[in-house]
Structure formats: C-alpha cells, structure tokens
Amino acid sequence: MGKIKKQTPAQKKTHDIAVKLRKMTDEQLVERLSMAQNTVRESSTDKVEEFLRELEEESIRGIGKVTIKKIGEFAKAKGYI
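Let me begin by describing the structure that accompanies this report. (Residues numbered from 1 in each chain as written. Predicted model: local features only at pLDDT ≥ 70, side-chain atom pairs only at ≥ 80, totals over all residues. Heavy atoms only, no water.)

1. Some details on the overall build of the protein
And then number 1: Counting its regular elements, the protein contains three helices and zero strands.
And then number 2: When the elements of the protein are put in sequence order from the N terminus, they spell out α-α-α.
And then number 3: Scaling as 2.2 N^0.38, a compact globule of 81 residues should have a C-alpha radius of gyration of about 12 Å, whereas the protein reaches 22 Å, well beyond that.
And then number 4: C-alpha extents for the protein along the principal axes are approximately 65 × 30 × 15 Å.
And then number 5: A burial count over the protein gives 6% of its 81 residues as buried.
And then number 6: Carbon and sulfur atoms make up 56% of the accessible area of the protein, which totals about 7800 Å². (Helix = DSSP H or I, 4+ residues; strand = E, 2+ residues; numbered from the N terminus. Rg over C-alpha atoms; globule rule 2.2 N^0.38 Å. Buried < 20%, exposed > 50% of the residue type's maximum accessible area, 1.4 Å probe, protein only. Areas by Shrake-Rupley, 256 points an atom, 1.4 Å probe, with all protein chains shown as cover.)

Here it is as structure tokens:
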C-alpha cells in the first residue's frame, strides 16, 4: 500500500502517533498502557467523589443523607472510590 499524499492535519497527527506506537518495544507499550489506565482510574474516582459531594449539597426530594451515605459506601465497596 502506498503513502497517502493528501492528509489533513488530524490524519497526519494520528498517523505519526500510530507509527511511534508500532516502533515501541513490548515493555514500552505495557508501561504506556499502564500509565493511561491509572490516569483513567484516578479521574473516574475524582468524578464519583465530586458527584457524591454535589448530591449531598443539593436538597433533592426523596434522597436524604442516609441514602447518600449508602451510595458512598456502595461506591467504596465496589472500588469506584
């Protein structure tokens, strides 16, 4: 397959990243994927905690402090926090 002669800047950037990934060793790939996975876990944990804080601040009918506490405990037990 030949080179694509007319690439948009986005396509060129994607292609460059793909080439760099293909040239990485197995060890480098595993390290990069592990870092990305940890970043996703940390950001999702922050979002869950932020959600619980906002839920606690709002006065939503039918959702009391006990319910919010139970949701928080469930999130901790399942590893979301």
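2. Quick word on the environment of Lys-76
And then number 1: Take Lys-76: it is sitting in helix α3 (residues 65-78).
And then number 2: With a relative accessible area of 57%, Lys-76 lands in the exposed category.
And then number 3: It is 10.0 Å that separates the C-alpha atoms of Lys-76 and Val-48, two residues lying 28 residues apart in sequence.

3. Considering the environment of Ser-59
And then number 1: With respect to the helices and strands, the residue Ser-59 is situated in the loop between α2 (26-57) and α3.
And then number 2: Separated by 38 residues in the primary sequence, Ser-59 and Leu-21 place their C-alpha atoms 49 Å from one another.

4. Quick notes on a negative patch on the surface
And then number 1: Together, Glu-42, Asp-46, Glu-49, Glu-50, Glu-54, Glu-56, Glu-57 and Glu-58 make up a region of like negative charge exposed at the surface.
And then number 2: Mapped onto the elements of the fold, Glu-56 is located in helix α2. (Patch = residues over 30% accessible without salt bridge, like charges linked within 9 Å, V, L, I, M, F, W, Y side chains within 5 Å. Salt bridge = Lys/Arg side-chain N within 4 Å of Asp/Glu carboxyl O. Lys, Arg positive; Asp, Glu negative; His and termini not counted. Charge placed at Lys NZ, Arg CZ, Asp CG, Glu CD.)

5. Some remarks on the pattern of salt bridges
And then number 1: Under the defined criterion, the tally for this structure stands at one salt bridge.
And then number 2: For Lys-12, the salt bridge goes to Asp-16, with nearest N and O atoms at 3.4 Å. With a gap of four residues between them, Lys-12 and Asp-16 both fall in helix α1 (residues 9-22), about one helical turn apart.
And then number 3: By relative accessible area, which is 41% here, Lys-12 ends up partly exposed.
And then number 4: Among the residues examined, Asp-16 registers a relative accessible area of 32% and is labelled partly exposed.

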